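Each chain, letter by letter, is given below.
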Amino acid sequence: MKKTALITGITGQDGAYLAEFLLKKGYIVHGIKRRTSLFNTDRIDHLYQDPHIENRNFILHYGDLTDSTNLIRIIQLVQPDEIYNLAAMSHVAVSFETPEYTANADGIGTLRILEAIRILGLEKKTRFYQASTSELYGLVQETPQKETTPFYPRSPYAVAKLYGYWITVNYREAYGIYACNGILFNHESPLRGETFVTRKITRAVARIALGLQDCLHLGNMNSLRDWGHARDYVEMQWLMLQQDKPEDYVIATGVQYSVRDFVNAAANELGITLRWEGEGVDEIGIVESVKSGSEPGRSKELGVRCEGDNPSPLTSHPSPGDIIVRVDPRYFRPTEVETLLGDPTKAKEKLGWTPRTSFEELVAEMVRGDFEEAQKDELCRRHGFNTFNYHE
Ligand code: NDP
Ligand code: GDR
């Protein structure tokens, strides 16, 4: 018998990787997508199956975490063996602007699914994964952070996720539901949303290299994160639901870099030179010039010229000294999470966790993806079509 999984947030970064992973494992995958005025299924279009054929193994339903009756109906219809609750308003900075909605979707949304499992009498059948987050640690009480580290959330997003975390624990203890929290640290990929810092950086660096953008505006350059690859992390989400006993796990690489390190690594990939300007830069005493450390062969392979190469007639490579990274306080958060570093020992021991992708490989893959996209935009521009400058 094939297993059936239901993924909320299937149109997001993790939803797309997880759906692909479960389909390869032979699952029938159902997903909940929101109705939007423009198509929002770019990340999963390659999995799409004609709804008119029989025995599909990839099926989408319209739904929303703020709508209980809709969730109950879908769960009743699907009778899932596993539910992965990945849907959320997942942007920390935006949660300060939409705190009530964030609480509703990310906090109460989790309760709605757990209640649906209970109302439908699926407590013994359906296993539940909750997308918890390292943001729960917020103002960190211990470094590195592990499963027993006390929480101190620092944003409406993190506070909503705190509710999601504890209601998952409570339903496990109260009703015997196989329910787990994955406390995942930041994970990125070429599918990452364009307004999260890593993707904003790789996209901007690629566009700057091709003359499509002239400046990357960032907020806190000094915040430290433990960044892994989403493809590696979704496998752990699945593994958590395959154990004898439901438990909560930290998933992290155990290695930490700053936002500034990420910018440098991305610029290095393309062999471009950076200068920094703005508030916060002085804290470490620089307007910094970062000389490319990438091999010339690699830059050539990507089609970007390093400093000193002949200018191509097709691109407007920034000249040395151009300011292309500027710190802009508008991206500072009312309360910031300055540092996060995970201790994944439990996941290593019990789930056999080893992150497969290094920081350098992650950055390289993201830059390459965005460079290919930027090349398409540059082609459009050359043929007289407009391309927008950049997302904030
Ligand atoms: P994304 O922002 O890429 O995806 C979020 C998904 O949730 C999208 O499919 C989005 O739909 C959907 N969604 C948002 N609001 C609702 C709603 N009200 N009802 C139904 N669906 C909704 O996030 P990620 O894939 O990066 O993250 C997946 C989960 O993991 C999230 O819960 C996030 O908070 C959590 N997390 C992420 C980490 C990371 O580093 N990526 C780390 C730790 C936790 P649409 O496409 O229409 O916007
Ligand atoms: P985060 O990710 O808040 O950790 O939440 P994000 O990439 O948004 O920020 C990481 C750090 O970079 C700093 N920063 C900027 N961030 C953004 N978005 N844009 C900027 O211009 C910028 N400049 C500096 C931030 O201040 C922050 O310190 C992500 C989300 O995926 C959550 O859903 C998830 O729970 C956590 O990771 C773990």
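Quick notes on the rules
Residues numbered from 1 in each chain as written. Chains lettered and ligands numbered in written order. Predicted model: local features only at pLDDT ≥ 70, side-chain atom pairs only at ≥ 80, totals over all residues. Heavy atoms only, no water. UniProt positions renumbered as here; feature names shortened; annotations may be inferred. Helix = DSSP H or I, 4+ residues; strand = E, 2+ residues; numbered from the N terminus. Contact = heavy atoms within 4.5 Å. 1 Å grid on protein atoms, 1.4 Å probe; cavity = no way out; pocket = protein on both sides within 12 Å on 5 of 7 lines; lining within 4 Å. Points joined across faces, edges and corners; volume = space filled by probe spheres on them. Near = heavy atom within 4 Å. Polar contact = N/O pair within 3.5 Å; in protein donor to acceptor, adjacent residues only side chain to side chain. Buried < 20%, exposed > 50% of the residue type's maximum accessible area, 1.4 Å probe, protein only. Pairing = 2+ DSSP bridges. Right-handed = clockwise from strand over helix to strand, strands pointing away.

Per an unreviewed UniProt entry, the recorded name for the protein is GDP-mannose 4,6-dehydratase, and the organism is Syntrophotalea acetylenica. Here the protein is described in UniProt, under the heading Cofactor (unreviewed entry), as follows: "NADP(+)".

Observations concerning the environment of G63
Along the chain, the position of G63 falls in the loop between β3 (58-62) and α2 (68-78). C-alpha separation for the pair G63 and R34, spaced 29 residues apart in sequence, amounts to 5.4 Å. The residues touching G63, leaving out its near neighbours within four places in the chain, are I32, K33, R34, N70 and I74.

Concerning empty space enclosed by the protein
Counted by the stated rule, this structure contains two cavities of 30 Å³ or more. One number sums up the size of the second largest cavity: a volume of about 30 Å³. V92, F96, E135, R154, S155, R225, R333, T335, E336 and V337 are the residues that line the second largest cavity.

Points about the site of ligand 1
Residues in close proximity to ligand 1 total 25 residues, the closest being T11, R34, S90, Y101 and Y157. Between an oxygen atom of ligand 1 and a main-chain N or O atom of D14, the distance comes to 2.8 Å. In the model, an oxygen atom of ligand 1 is placed 3.1 Å from a nitrogen or oxygen of the N40 side chain. When contributions to the shell around ligand 1 are tallied by element, the ones reaching two or more residues are α1 (13-24), α4 (99-119), β5 (127-133) and α5 (156-175).

Description of unusual backbone geometry
A cis amide bond links T143 with the next residue in sequence, P144, at an omega value of -5°. Structurally, P144 is set in the loop between β5 and α5. One non-glycine residue, N55, lies in positive phi territory at about 55°. Along the chain, N55 turns up in the loop between β2 (28-33) and β3. Residue N55 is classed as exposed on the basis of its relative accessible area, which comes to 77%.

Regarding the pairing of strand β1 (residues 4-8)
In terms of residue burial, β1 counts as a mostly covered element, since five of its five residues are buried. Residues of β1 alternate between two faces, with T4, L6 and T8 on one and A5 and I7 on the opposite face, all of them buried. Strand direction decides the pairing type here: β1 and β2, joined by five bridges, are parallel. Paired with A5 across the strands is V29, a residue of β2. With α1 bridging β1 and the parallel β2, this β-α-β connection has right-handed handedness. Sheet topology note: the β1/strand β4 (residues 82-85) ladder contains four bridges and is parallel. Within the sheet, the bridge partner assigned to I7 lies in β4 and is Y84.

Looking at the pairing of β2
Within a regular strand, side chains alternate between the sheet's two faces. The buried fraction of β2 is high, at five of six residues. Pairing geometry for β2 and β3, over five bridges, is parallel. In the strand pairing of β3, K33 is matched with Y62.

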